[in-house]
Amino acid sequence: MARGQPVSPTKVRIVSPAGAIAPTGPWNVAARAGDFLYVAGMRGIDPATNALVEGDAARIRQAFANMAQVAKSEGAALEDCVRVVVYVTDMFRFRPLVNQVQEAMWRPGTYPPRTIVEVHRLNQDDIVEVEGTFYVPKR
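Residues numbered from 1 in each chain as written. Predicted model: local features only at pLDDT ≥ 70, side-chain atom pairs only at ≥ 80, totals over all residues. Heavy atoms only, no water.

Draft legend 1. Structural detail: helix H1 (residues 56–73). The end-to-end C-alpha distance of H1 is 26 Å, a good match for the 26 Å that 18 residues give at a rise of 1.5 Å each. Of all the positions in H1, only Arg-59, Ile-60, Gln-62, Ala-63, Phe-64, Asn-66, Met-67, Ala-68, Val-70 and Ala-71 are classed as buried. Two residues or fewer after H1 comes Gly-75, characterised by a positive phi angle close to 90°. (Helix = DSSP H or I, 4+ residues; strand = E, 2+ residues; numbered from the N terminus. Expected span 1.5 Å × (residues − 1). Buried < 20%, exposed > 50% of the residue type's maximum accessible area, 1.4 Å probe, protein only.)

Draft legend 2. Representation of unusual backbone geometry within the structure. Phi is positive for Gln-124, close to 55°, though the residue is something other than glycine. On the secondary structure map, Gln-124 appears in the loop between strand E7 (114–118) and strand E8 (128–135). The partly exposed category is assigned to Gln-124, whose relative accessible area is 44%. If you check the backbone angles, Asp-125 has positive phi at about 55° while not being a glycine. Look at Asp-125 and you get partly exposed, because its relative accessible area is 48%.

Draft legend 3. How the structure looks around the packing of aromatic side chains. The final tally for this structure, using the stated rule, is two aromatic pairs. Aromatic pair Phe-36 and Tyr-135: ring centres 5.3 Å apart, planes at 55°, arrangement tilted. Of this pair, Phe-36 sits in strand E3 (residues 36–42) while Tyr-135 sits in strand E8, and the two are 99 residues apart along the sequence. Classification of Phe-36 by relative accessible area gives partly exposed; the value is 31%. (Phe/Tyr/Trp six-rings, centres within 6.5 Å; stacked < 30°, edge-to-face > 60°.)

Draft legend 4. Region of the structure containing the pattern of salt bridges. By the definition in use, this model includes seven salt bridges. We note a salt bridge from Glu-74 to Arg-32, for which the minimum N-O separation is 3.0 Å. Within this pair, whereas Glu-74 is found in the loop between H1 and strand E6 (81–88), its partner Arg-32 is found in strand E2 (residues 30–33), the two being separated by 42 residues in sequence. No difference in accessibility class separates Glu-74 from Arg-32, as the two residues are buried. The shortest N-O distance in the salt bridge between Arg-59 and Asp-126 comes to 3.3 Å. Taken together, the residues span a long stretch of sequence, with Arg-59 in helix H1 and Asp-126 in the loop between E7 and E8 at a distance of 67 residues. Like Asp-126, Arg-59 is buried. (Salt bridge = Lys/Arg side-chain N within 4 Å of Asp/Glu carboxyl O.)

Quick look at the structure:
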């Protein structure tokens, strides 16, 4: 069950599911606008401890798992992702790991369009951040 879900005058609803990572500032983990769910940048944080997980591949997997968990709270699966953006601090080192994690987490042929960008720095000196847009028609 999700925590309080305010709705804007235009019917945009904030999504804050139980078990999601805690925001580190003035932002929410997701917002739902009609049939679309917009998941904020998720990093390799263990929601149980609120700490970064150890190991590059494990941290990247955790970032995607955090995004998937938020999507699942609204009835979506990774295959419902219509766009994913990945930020890494070292394209040469982390792009291959991102590819491996995506190949393991998505069924072949269901990979969403993706943008991957190298950035100078991420919060808490993390190595990766992923954000996604999901199509979740009301059932």
